[in-house]
Every structure is written in C-alpha cells, then in structure tokens.
Amino acid sequence: MIVEQSNSIINEVSRALLGKRDVIEKALMAIYAGGHILLEDVPGTGKTTLALALSRALGLDFKRVQFTPDTLPSDITGFTMFDRDAGTFRFVWGAVNCNMLLGDEINRTSAKTQSALLEVMEERAVTIDGQTHQVPRPFVCIATENPVGSAGTQPLPDSQLDRFMVRLSVGYPSRQDQIDILKARRYANPLDDIKPMVACDDLLDIQNYLGNVQVADTVLDYIVRLCEETRHDGLVELGVSPRGIIALTRMARACALIRERDYVVPEDVREVFKAVCAHRLVLRPQARIESIGAADVLDRILAAVPAPSMGQVRGRS
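None of these values were measured; they are calculated from a predicted model.

J.: Explain the overall build of the protein to me, using residue names and the numbers behind them.
T.: When helices and strands are counted, the protein shows 15 helices and eleven strands. Counting only C-alpha atoms, the protein reaches 70 × 45 × 40 Å along its principal axes. Buried positions account for 51% of the 317 residues belonging to the protein. Taken as a whole, the protein presents about 14700 Å² of accessible surface, with 50% of it coming from carbon and sulfur. Once the 36 positive and 41 negative side-chain charges of the protein are each reduced to a mean point, those two points are 3 Å apart.

Spelled out as structure tokens, the structure:
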C-alpha cells in the first residue's frame, strides 16, 4: 500500500519537475522520515516548483515566506497582541502554522530571523512570551538558497544546517527534458494540474510506520562507523553529529520503504549518505586549498569503510 502511494506521489510530482525522479525520491524519503529539506541550487532550476508540487501531491497546507533582509522573526513564529474587544492579549500565528513551510532564499535574511526557525524545526512548536504553541502535524520545512554569489546573504549557522535532514541539489535538466518542459508549459503550468495522492493522515501513518522498518545491529554499526570516520578525517574540522546519525538511520529506513523492503540494507545507507551528511561537515582550510569538497571526503569514507554482508544483514534485530 505504501509503495503504491509513494509511486503515485513521485509520478505526480514528476509531471511538474521533469527528469528529476532521484531528487523527488530523496525529498519524499526525508518527509517520510519526519525531516526538513534544504534545496541548494542556482536560480531557475525548479526548487520552488518541487516544494509546491510536493505540498499538493501530499495534500498539505502550504505557506511560503520570501526571506529578505527586513523579514522579522515574528513574521515566522507569530506574536502576541492586545485584543481591545476582549480586553486580553491573544496570540497571532506567523507563517509556521501550516504543514509545509517554504522558506525561499533563507540565506537572504538576518541571523536573528533565521534563528526563529530553530525551535519549530526541532520541537514542532514555537514559544512566544513564555507560552508554547504546537504547530500542525505533520510539519515540514523546505528552505532554498543560492550557493553562487554571496552579496546580501547571511550564511546559515552550523546548528541550523544540522537541523535539515538532507541537502539536495536539483541541477539543470537534460536537453530533452528542457524541450519537454517548454512543450508542457505551452498552454498552462503543469503545477496547476497536480492532484493530492494522499491526505495528511495518510502521511502521518507512513511516518509512524517507519519505525517498523528493521535495521540490523550490523547495519547500525555500519552507520555509526561511517559517521565516526567523518570526525577523524584529517580534512574535516567538524564531523557528523549524533543528530546526523539519527537522521541517516531514519533516511535509510525511508529509502528501504520506497524500495519495497521492510528492512534496511547497506545500499540504502550508501544511497542517502551524502545527501544527509555533506552539509554537516565543516572542512579545514587545507581542503579548500586542495579544492576538496565535502562530497569528495564522503566518497573516500564510503570506499574505506567496509559494509556488512547480506548474510549479516538478514540476522536483523
């Protein structure tokens, strides 16, 4: 049932974002795993389209914030105001009161406004004037940023980057896909035709079911060894945190689920490893001098750390 639902969601989103099935799959895995998504790419590659198409195919209440230097934290979380008619103070929600929040160009706002998302991304709640308010479930934050050009931008702090389960890049479409995009948009926007494939409650059921996907102790050990290796690499100043290990495990479970299995194999871990871990690494200056990126470091670690055999995986816990 979940596999059929997943395929229908992916196929529906693919109508709006042509030729990017792998990116759509990983974004859906992150949502199944209860995580948040950072889309980092040059303008015009379909980041906002992906977020909109996912929200519609998943039947989620969607809100968008265009981050600018004058965006305030209260625009995100909400604020308390005095109600003259009632004679009392009342809470007014900000943009986070939804199932899916798109923070467009998140690095173009101030650090103070960026930090307004820290609590809600981790705890699914906001605290205003000493009162804690829960946001609807499920809650997913999708943020976009442009990695090219730094004028007028404020880099995300490491603590906030660590709260994104994955960082994905959409990339340019192939030549044929670009022709298909032009044809598809000749008379209308394909986004307008995206239909909900599931409801909010269905998505919550899938998120709750994810814990039933089994992970053998040998695979858990493989996950931990991969992440620990990032902390010992000579080119890495800050490696993957325990939160990152949890995120990698949940993403591997979601990957197994979409691949029609109720247990995780090492290939699931390898498939999502870079998407989960690359943005969590802080490299030493030597890496930049040698033009070595986080993905290069992770590729080396994947090649160096031996994966458990299928026989060890089948004796799962």
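J.: Break down the nonpolar core for me, citing the residues and quoting the values.
T.: Ranked by internal contacts, the top residues of the largest apolar core, which has 81 residues, are Tyr 32, Ile 37, Ile 142, Val 166, Leu 248 and Val 269. Counting residues per element, this core draws most heavily on helix H11 (residues 242-258), at ten residues. Apart from the residues within four sequence positions on either side, Leu 248 is in contact with Ile 223, Cys 227, Val 269, Val 272, Phe 273, Val 276 and Cys 277. Counting residues in each nonpolar core, the second largest holds 23 residues, with Val 65, Val 126, Ala 143 and Leu 156 among its members.

J.: So what's going on with the packing of aromatic side chains? Residues and values would help.
T.: Applying the stated criterion across every chain, the model contains two aromatic pairs. Between the aromatic rings of Phe 82 and Phe 89, the centroid separation amounts to 5.3 Å while the plane-to-plane angle is 65°, which identifies the pairing as edge-to-face. Residue Phe 82 is classed as partly exposed on the basis of its relative accessible area of 42%. Relative accessible area serves as the criterion here: at 63%, Phe 89 is assigned to the exposed category. Considering the side-chain rings of Phe 91 and Trp 93, the 5.0 Å spacing of their centres and the 75° angle between planes classify their relative orientation as edge-to-face. When the ring centre of Tyr 263 is taken as origin, the NZ or CZ atom of Arg 261, which lies over that ring, is 6.0 Å away.

J.: Hey, could you go over the sheet that holds strand E2 (residues 62-66) for me, with residue numbers and the actual values?
T.: Reading across from one edge, E2-E5-E8-E1-E9 is the order of the five strands in this open sheet, with parallel pairing throughout. What marks the edges here is a single partner per strand, and that holds for E2 and strand E9 (166-168). Across this sheet, the average inter-strand angle for adjacent strands is 20°, counted without regard to direction. Of the strands in this sheet, strand E1 (37-40), E2, strand E5 (100-104) and strand E8 (140-145) are in contact with helix H3 (residues 47-57), which crosses E5 at around 170°.

J.: How would you sum up the packing of helix H10 (residues 217-232) against helix H12 (residues 266-277)? Please name residues and give values.
T.: The contact between H10 and H12 brings their axes to 11 Å, and the two run at 30°. By the angle between their axes, H10 is roughly parallel relative to H12. Both H10 and H12 take part in a crossing whose hand is right-handed. In contact with Val 219, Tyr 222, Ile 223, Leu 226, Cys 227 and Thr 230 of H10, H12 contributes Pro 266, Val 269, Arg 270, Phe 273 and Cys 277. For the contact of H10 with H12, a count of residues per class yields nine nonpolar, one polar and one charged.

J.: Lay out H12 in plain terms, naming residues and giving numbers.
T.: Relative to the 16 Å expected for twelve residues at 1.5 Å per residue, H12 spans 16 Å between its end C-alpha atoms, a close match to the ideal helical length. All buried positions along H12 are accounted for by Pro 266, Asp 268, Val 269, Val 272, Phe 273, Ala 275, Val 276 and Cys 277.

J.: Give a description of the pattern of salt bridges that names residues and reports values.
T.: Under the defined criterion, the tally for this structure stands at 16 salt bridges. Between Asp 268 and Arg 261 there is a salt bridge, with the nearest N and O atoms lying 2.6 Å from each other. The class for Arg 261 is partly exposed, based on a relative accessible area of 21%.

J.: Account for the side chain of Glu 145, with residues named and values stated.
T.: Within the secondary structure, Glu 145 is located in strand E8. The buried charged residue Glu 145 lacks any salt bridge partner; its closest oppositely charged side chain belongs to Arg 167, at an N-O distance of 5.7 Å. Leaving out residues up to four positions away in the same chain, Glu 145 has contacts with Leu 38, Leu 39, Glu 40, Asp 41, Lys 47, Glu 105, Ile 106, Asn 107 and Leu 156.

J.: Can you explain unusual backbone geometry? Please cite residues and give values.
T.: In the segment running from Arg 137 into Pro 138, the intervening peptide bond is cis, with an omega of -5°. The backbone of Glu 260 sits at a positive phi, close to 70°, despite the residue not being glycine. Relative to the elements of secondary structure, Glu 260 occurs in the loop between H11 and H12.

The rules behind these values
- Residues numbered from 1 in each chain as written.
- Predicted model: local features only at pLDDT ≥ 70, side-chain atom pairs only at ≥ 80, totals over all residues.
- Heavy atoms only, no water.
- Helix = DSSP H or I, 4+ residues; strand = E, 2+ residues; numbered from the N terminus.
- Buried < 20%, exposed > 50% of the residue type's maximum accessible area, 1.4 Å probe, protein only.
- Areas by Shrake-Rupley, 256 points an atom, 1.4 Å probe, with all protein chains shown as cover.
- Lys, Arg positive; Asp, Glu negative; His and termini not counted.
- Charge placed at Lys NZ, Arg CZ, Asp CG, Glu CD.
- Core = buried A, V, L, I, M, F, W, Y, C linked by side-chain atoms within 4.5 Å.
- Contact = heavy atoms within 4.5 Å.
- Phe/Tyr/Trp six-rings, centres within 6.5 Å; stacked < 30°, edge-to-face > 60°.
- Lys NZ or Arg CZ within 6 Å of the ring centre and 35° of its normal.
- Pairing = 2+ DSSP bridges.
- Axes fitted to C-alpha atoms, helices over the stretch in contact; angles between N-to-C directions.
- Parallel < 35°, antiparallel > 145°, perpendicular 65-115°, else oblique.
- Left-handed = near helix turned anticlockwise from the far one by under 90°.
- Nonpolar A, V, L, I, M, F, W, Y, C, P; charged D, E, K, R; others polar.
- Expected span 1.5 Å × (residues − 1).
- Salt bridge = Lys/Arg side-chain N within 4 Å of Asp/Glu carboxyl O.

All we've got here are geometric facts, nothing functional implied.
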